[in-house]
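Descriptive structure summary
Here is how the chains run, residue by residue.
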Amino acid sequence: MKSISRIDISRSLKISRPTTTAYISELIEDGLIKEVGKSDSTSSGGKRAVLLQFNSRAGYIIGAMIGVKSIRIALTDLSSNIIDMVKIPTEEWLGPNSVIDKLFKNIKKIIEKHKVGKEIIGIGIGATGLIDSKEGLVIFSPNLTGWQNIKLKDIIEKEISLPVFIENECRVRAIAEKKYGLAKNISNFVSFVVGIGVGTGVFINDNLVVGKKGMAGEVGHIITNLAGNRRCHCGNIGCLETLCSTNSLLEDVKIDIKKSGKSADYNISKLEIEDLYKLYKNGDRIVTKNVEKNAEYVGIGISNTIKMFNPELVIIHGAVIRFGENYLEKIKESVSRNTFPRVKENYNIKFSEMGENVGIVGAVSIVFDNIFNIDNSDNFNRYFIKKIVS
Ligand SMILES: [Zn+2]
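1. Examining the overall build of the chain
On a plain count of helices and strands, the chain comes out with 13 helices and 16 strands. The globule rule puts the C-alpha radius of gyration for 390 residues at 21 Å, and the 23 Å found for the chain is close to it. Dimensions of the chain, computed from the C-alpha atoms along their principal axes, are close to 80 × 50 × 40 Å. Here the chain holds 390 residues, and the buried ones make up 39% of them. When contacts within the chain are restricted to residue pairs at least 6 apart in sequence, long-range pairs at least 24 apart make up 60% of them.

2. Focus: the packing of helix H8 (residues 273-281) against helix H9 (residues 285-309)
In the contact formed by H8 and H9, the axes pass within 8 Å of each other and the chain directions differ by 105°. The pairing of H8 with H9 is recorded here as roughly perpendicular in orientation. Along its contact with H8, which presents Leu276, Leu279 and Tyr280, the element H9 presents Val287, Thr288 and Val291.

3. Regarding the domain arrangement of the chain
Per the domain assignment, the segments of the chain are domain 1 (4-54), domain 2 (58-174 + 357-389) and domain 3 (183-351). The C-alpha centroid of domain 3 is placed 48 Å from the C-alpha centroid of domain 1.

4. Remarks on helix H5 (residues 169-180)
Taking 1.5 Å of rise per residue, the 12 residues of H5 would be expected to cover 16 Å, and the 17 Å separating its terminal C-alpha atoms lies within 8% of that figure. Within H5, 10 of the 12 residues are buried, which leaves the element mostly enclosed by the surrounding structure. By the burial criterion, the buried members of H5 are Glu169, Cys170, Arg171, Val172, Arg173, Ala174, Ile175, Ala176, Glu177 and Lys178.

5. Thoughts on the pairing of strand E11 (residues 164-168)
Among the 5 residues in E11, 5 count as buried, and that is most of the element. The sheet contact formed by strand E7 (residues 120-127) and E11 spans 5 bridges and is parallel. Bridge assignment links Ile123 to a residue of E11, and that residue is Val164.

6. Description of the sheet that holds strand E13 (residues 198-204)
Strand order in the open sheet formed by 5 strands is E14-E13-E12-E15-E16, and the pairing between neighbours is mixed. The open sheet has two edge strands, strand E14 (207-208) and strand E16 (348-351), and neither has a second partner.

Here is what the cut-offs are and how they apply
Residues numbered from 1 in each chain as written. Predicted model: local features only at pLDDT ≥ 70, side-chain atom pairs only at ≥ 80, totals over all residues. Helix = DSSP H or I, 4+ residues; strand = E, 2+ residues; numbered from the N terminus. Rg over C-alpha atoms; globule rule 2.2 N^0.38 Å. Buried ≥ 20, exposed ≤ 12 C-beta atoms within 10 Å, placed from the backbone. Contact = placed C-beta atoms within 7 Å. Axes fitted to C-alpha atoms, helices over the stretch in contact; angles between N-to-C directions. Parallel < 35°, antiparallel > 145°, perpendicular 65-115°, else oblique. Domains from an automatic or database assignment. Expected span 1.5 Å × (residues − 1). Pairing = 2+ DSSP bridges.

Next comes the structure, spelled out in structure tokens:
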């Protein structure tokens, strides 16, 4: 982790050295900053400065991701380093009460296991669907049974008296990329997620695009195929998600296998998306044809997103990235085919490099950014100083 001297802080923030020293003393007292040795001696023979570092272990954060298949719950330090994590099946068909109950139980379990109850500054949750993060409300989650107008923030805060922040799954991924990943130094980018759902997290001029009620970026539900006959979980027909989600891909593969009369060879009743990665790498004809068709539609979705937002970078997330570099090339070809020349020269498309915990990292970042927000010192005072002092 980076360290910095008091004098460098005073220079970069343009505040006087005595004021800097006073603030730093307070932060050291609160345990948020620690002294970590001295700088190398200066060429002019000046005094070696004491170096300061943010103390990531001054507190902890709980991060959770509610996905269609699994729920992940992690304990992290204040720099989003994962200390412990559990992954449990969502069993979304049992409805919101069951999913929320699992959340409670496992959050409490992880807190008790590490005996960190007092040091936790908040809980950050990424969830699939339309999320009003200001209200802490899951408006509608097309891929989770029964999730309509669920006041997730209120419910959890009531049960576990800690501040709770919630955000859409695609946006937490984008937040993580902005803070720690490929978009660290990029102002305009899109995280394009292709899993059971399809959606985006968009940053424009370094700001996350949320929309009036948190519904921006629902690219998965852009009507792409008027002649389609597959109904989307959102209720419409012809959504991009019905053409290129992992479920659609699996369904398309199964249709073609049945047509070919080789259902037994593929053990079709047990065929899962995980099996397709291997079949694609082995060059299976049916799977290759459908994965390439999937890449074509993902490319169309990305090209539409590029035309809308003019991002410098598109980062692809989700289960599909396991199809590897050949698949990425097919997506790039499709984007190129479906985008006009001037736009073409101005973007990059890459797979996320943050691994499968990218959502957790983003969810945890929301807690940190809210509690340590200078414009909202109320949060900081309420939830942090109080804890340290008590
Ligand atoms: Zn839809």
